[in-house]
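Coordinate analysis (summary)
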Amino acid sequence: MAFDSYSLLASTYAARLDTSALPGAAAQTASDSVVGAHVVAGRLGDRALAASADAAYVHGMGLVLLVSGITALVTALLAAALVPNAKPAPARPEENPDMVPGPENARQ
């Protein structure tokens, strides 16, 4: 199952938006997007619709961010648990010409 943040945001927004006082076409336009809701609210002078659209959008974004954060945390935990912990062999000084000589060779 893939996570679709747009679908989650759109469905949460549409479910939380109060369009009960609007006629059918205006309610559909307002439910389509927060910008559409503000256009309808501006034309009808309905401040409550604009406030409802803002609250519904913020709630939807909060839910998307929560789900995204949980998904990232679970992914990081799975990666930490499942990725092998390969430790590289320590490099010997003679194998790495860029290393500074040790203190035993400092006074030569």
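Attention here is on the structure that accompanies the text. (Residues numbered from 1 in each chain as written. Predicted model: local features only at pLDDT ≥ 70, side-chain atom pairs only at ≥ 80, totals over all residues. Heavy atoms only, no water.)

Turning to the overall build of the protein, a few remarks are in order. When its secondary structure is counted, the protein shows four helices and zero strands. Taken from N to C terminus, the helices and strands of the protein fall in the order α-α-α-α. Among the 108 residues that make up the protein, the fraction classed as buried is 19%. Put simply, 48% of the contacts in the protein that link residues at least 6 apart link residues at least 24 apart. Summed over its atoms, the accessible surface of the protein is roughly 8300 Å², and 62% of this surface lies on carbon and sulfur atoms. (Helix = DSSP H or I, 4+ residues; strand = E, 2+ residues; numbered from the N terminus. Buried < 20%, exposed > 50% of the residue type's maximum accessible area, 1.4 Å probe, protein only. Contact = heavy atoms within 4.5 Å. Areas by Shrake-Rupley, 256 points an atom, 1.4 Å probe, with all protein chains shown as cover.)

This part takes up the side chain of Thr 12. Position of Thr 12 relative to the elements: it lies in helix α1 (residues 5–16). Leaving out residues up to four positions away in the same chain, Thr 12 has contacts with His 59, Gly 60 and Leu 63.

Turning to helix α2 (residues 24–32), its buried residues number three or more, namely Ala 26, Ala 27 and Ala 30. When α2 is viewed along its axis, its buried side chains cluster within an angular range of 100 degrees and face the same direction. Away from its buried face by more than 90 degrees, α2 exposes Gly 24, Ala 25 and Asp 32. (Arc of directions from axis to C-beta.)

With respect to the helices, strands and loops of the structure, Asp 4 is situated in the segment before α1. Classification of Asp 4 as partly exposed rests on a relative accessible area of 43%. Sequence separation between Asp 4 and Ser 68 is 64 residues, and the spatial gap between their C-alpha atoms is 10.0 Å.

This part covers the packing of helix α3 (residues 34–44) against helix α4 (residues 47–82). Interhelical geometry of α3 versus α4 gives an angle of 170 degrees and a closest axis separation of 8 Å. Taken as axis vectors, α3 and α4 run roughly antiparallel relative to one another. Here Val 34, Ala 37, His 38, Val 40 and Ala 41 of α3 come into contact with α4, specifically with Leu 49, Ala 50, Ala 53, Asp 54 and Tyr 57. (Axes fitted to C-alpha atoms, helices over the stretch in contact; angles between N-to-C directions. Parallel < 35°, antiparallel > 145°, perpendicular 65-115°, else oblique.)

As a further point, take the nonpolar core. Residues Tyr 13, Leu 17, Leu 22, Ala 30 and Leu 49 are the most contacted members of the largest nonpolar core, which totals 13 residues. For this core, the secondary-structure elements that each account for two or more residues are α2, α3 and α4. It is α4 that contributes the most residues to this core, four residues altogether. (Core = buried A, V, L, I, M, F, W, Y, C linked by side-chain atoms within 4.5 Å.)

A word on the side chain of Ser 52. When you line up the elements, Ser 52 lands in helix α4. Under the relative-accessibility criterion, Ser 52 is labelled buried at 14%. Excluding anything up to four places from it in sequence, Ser 52 contacts Arg 16, Leu 17 and Asp 18.

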